[in-house]
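Chains, contacts and geometry: an overview
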Amino acid sequence: MGKGYESVGFSLTKGKVKGRFYLVRPAKAPTPAESSLGSPEVALGMKDKEKAFGIHDPDADLYFEIRLDEGGKAADAKAMLEAVIRKAKAK
């Protein structure tokens with residue numbers, strides 16, 4: 001946690017594909033502590049373009065990412081993330 005944001009992460013396994021899911025969001029109790037993660041924009045900039053896919057929603061102040069460490073590439077991470085993220089319908 002740092003700079004008013006926190007991250008939530010957990011391991012993912014789908015067959016031979018292994019990786020992590022990350023969510024960066026505003027912290028319930030922000031602290032002035034420094035963090036290498038920081039804001040959603042900082043997390044997006046730290047993304048590994050070969051192994052990860054991330055979505056930054058500036059309106060919601062959130063960042064979602066899937067990083068695959070074994071058995072997959074960024075395109076696989078994109079397909080996995082898009083399978084769980086619902087996009088808002090245009091009004």
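All figures in this text were calculated on a predicted structure; none of them were measured in a lab.

Here four strands make up an open sheet; going across it, the order is 1-2-4-3 and the pairing antiparallel. Looking at the sheet topology across the chains shown, the edges are occupied by strand 1 (5-14) and strand 3 (52-57). With strand direction ignored, the average angle separating the axes of adjacent strands in the sheet is 15°. Alignment of strand 1 against strand 2 (residues 17-26), held across 10 bridges, turns out to be antiparallel. Residue Ser 7 lies in a different strand from strand 2, and its bridge partner there is Val 24. In the packing of helix 2 (residues 74-84) onto the sheet, contacts are made with strand 1, strand 2, strand 3 and strand 4 (62-70), and the angle to strand 3 comes to roughly 45°.

All right, on to the pattern of salt bridges then. Counting across every chain of the model gives two salt bridges. The partner of Arg 25 in a salt bridge is Glu 6, with the nearest N and O atoms 2.8 Å apart. Taken as a pair, Arg 25 in strand 2 and Glu 6 in strand 1 lie far apart in primary sequence, 19 residues in all. Owing to a relative accessible area of 18%, Glu 6 belongs among the buried residues under this scheme.

Cut-offs and rules
- Residues numbered from 1 in each chain as written.
- Predicted model: local features only at pLDDT ≥ 70, side-chain atom pairs only at ≥ 80, totals over all residues.
- Heavy atoms only, no water.
- Pairing = 2+ DSSP bridges.
- Helix = DSSP H or I, 4+ residues; strand = E, 2+ residues; numbered from the N terminus.
- Axes fitted to C-alpha atoms, helices over the stretch in contact; angles between N-to-C directions.
- Contact = heavy atoms within 4.5 Å.
- Salt bridge = Lys/Arg side-chain N within 4 Å of Asp/Glu carboxyl O.
- Buried < 20%, exposed > 50% of the residue type's maximum accessible area, 1.4 Å probe, protein only.

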